[in-house]
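Observations on chain architecture
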Amino acid sequence: MSKSDDKQGIPESQASYLVEPAGQLAGESSVPGDKSISHRSLMLGAIAEGVTEIEGLLASQDCLATAAAIRAMGVRVDAPKAEGDCWYVHGVGLRGLKRPTENLDLGNSGTSMRLLTGLLCAQDFATTLVGDESLMKRPMERVALPLRQMGARITTSDGRPPVYIERNRGLKGIDYHAPVASAQIKSAILLAGLYARGVTRVTEPGISRDHTERMLASFGVVVCRKGLTVEIEAPASLRAGRIVVPGDLSSAAFFMVGACLASDRGLTLRKIGVNPTRTGVIDILRKMGAKIDIAMLPTRIGEEPVADIRVAKSRLHGIDIVAADVALAIDEFPILMVAAACADGVTRVSGAEELRVKESDRITTVVDGLRALGAKVEEKADGMVVIGGALHGGEVNSQGDHRIAMAFTMASLMAAGAVRILDTSNVATSFPGFVDHAARLGMKIVENRGE
Ligand code: S3P
């Protein structure tokens, strides 16, 4: 077989995991910092007055892409010198960003590209945003369209990157009713709203994560929120401060499901962010029968809520997951579907078409992966039907999607044979050190890092 010619067209040189079956997870662990909060702390820190100190920033490829972008626009960002040290972002003020000399390459990071489109359409210089193969396929008109209504000049290529952003010739606030509940759309508009004349208002059809609203408030911006509507007016300045980034619930979710499936002694996850706009995964797992205890930890005013999460081995059963549940657990569907495949009975997911425009088409990728391990799954346009049962070993193509790779690593806990997961290098976009974390908690993973 030639190097680039295995049966799924994946070069052998590409990174992969081989996970032993029937492992156990036990003990206690933290997980790396929250990705959404880390991106926002870098971006708002960049345009604040003064130095923003960030404790627990996620140093993953996605967040490093945001850090590189703001550095390319003249912002000094000091990375920690030793483990446990803070990051420092030396803010240049609302109007202090400088024109980058090259295109901004945002790698795999949709959050960087969408939020920066909002921030950059308000600057006095032009920019071009590009990314990796996956990001170059993702829809950008969802942010470009409302930003154009504000007066921004943005060109996409058939709706996708490269995103060409002209220099700002004056933005005005809009009253935007978003077609989908998306924190990325809402955040892009709010970031542009920091520079707009008049009121910028966004109303969503459902709740999406509210880290931008919380963090803007902690930087001194007056944020008015009522139901599904948020509104701001351009402030004179943003006030730098100190941010503590909690552990990412989306990363913890892999171990939460793993512990439900295979933790005779239980697992405790320390200092995890439990912002209520993110905790859909906990609600869904509890509905499936998961035994999860949340012990809230004290936080200072303005900080994101944080908790220790204790999970005991649980017998899971299938449930119906409908549109209203989706946005609050949008990134957790790959691992929730692995849980469904290992549960008793049938899980039906509907109203989840947004999953098709993530780092991969997460409906098709999950369906293909579960089928490769012997699960019975039916693909629907807006979701899937998963019939719980036994899994066997096999080979799963993650399609370069970090969350698919990590979700199927956990599937091995219930599989009768070893699971090989292909194309795993992008796990580092959200969870650097995932294999070591999983190994410390008892899993047996051989990582081929590729060439
Ligand atoms: C994110 C929002 C979500 C999520 C993504 C991170 C954010 O996207 O899927 O991983 O940080 O704003 P949408 O809000 O567009 O669904």
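**As for the overall build of the chain**
The number of helices and strands found in the chain is 13 helices and 24 strands. For 451 residues, the compact-globule estimate of 2.2 N^0.38 gives 22 Å, and the chain sits close to it at 21 Å. Taken along its principal axes, the extent of the C-alpha atoms in the chain is 60 × 50 × 45 Å. In the chain, buried positions account for 59% of the 451 residues. Considering only contacts within the chain whose residues lie at least 6 apart along the sequence, 74% involve residues at least 24 apart. Here the chain has roughly 17,300 Å² of accessible surface; of this, 50% comes from carbon and sulfur atoms. Looking at charge distribution, the chain has the averaged site of its 52 positive side-chain charges lying 3 Å from that of its 53 negative ones.

**A look at the environment of Met 414**
Residue placement: Met 414 occurs in the loop between α12 (402–411) and β23 (419–422). Taking relative accessible area as the criterion, Met 414 reaches 35% and is therefore assigned partly exposed.

**Quick look at the confidence of the model for the chain**
Across the chain, pLDDT averages 96, with 97% of residues at or above 70. Predicted confidence is poor over residues 1–8, with pLDDT under 50, and the contacts of this stretch with residues over four places away or in other chains come to 14 contacts.

**So, unusual backbone geometry**
Of all residues except glycine, most have a negative phi; of all peptide bonds, most are trans. Cis geometry is found at the peptide bond from Pro 161 to Pro 162, where omega equals 0 degrees. Residues other than glycine seldom take positive phi values, yet Asp 158 does so here, at roughly 60 degrees. Inspection of the secondary structure assignment puts Asp 158 in the loop between β8 (154–157) and β9 (160–165). Positive phi outside glycine occurs at Gln 399, with the angle close to 55 degrees. Mapped onto the fold, Gln 399 is located in the loop between β22 (394–397) and α12. Given a relative accessible area of 46%, Gln 399 falls into the partly exposed group.

Reading the values: the criteria
- Residues numbered from 1 in each chain as written.
- Predicted model: local features only at pLDDT ≥ 70, side-chain atom pairs only at ≥ 80, totals over all residues.
- Heavy atoms only, no water.
- Helix = DSSP H or I, 4+ residues; strand = E, 2+ residues; numbered from the N terminus.
- Rg over C-alpha atoms; globule rule 2.2 N^0.38 Å.
- Buried < 20%, exposed > 50% of the residue type's maximum accessible area, 1.4 Å probe, protein only.
- Contact = heavy atoms within 4.5 Å.
- Areas by Shrake-Rupley, 256 points an atom, 1.4 Å probe, with all protein chains shown as cover.
- Lys, Arg positive; Asp, Glu negative; His and termini not counted.
- Charge placed at Lys NZ, Arg CZ, Asp CG, Glu CD.
- pLDDT = per-residue confidence, 0-100.

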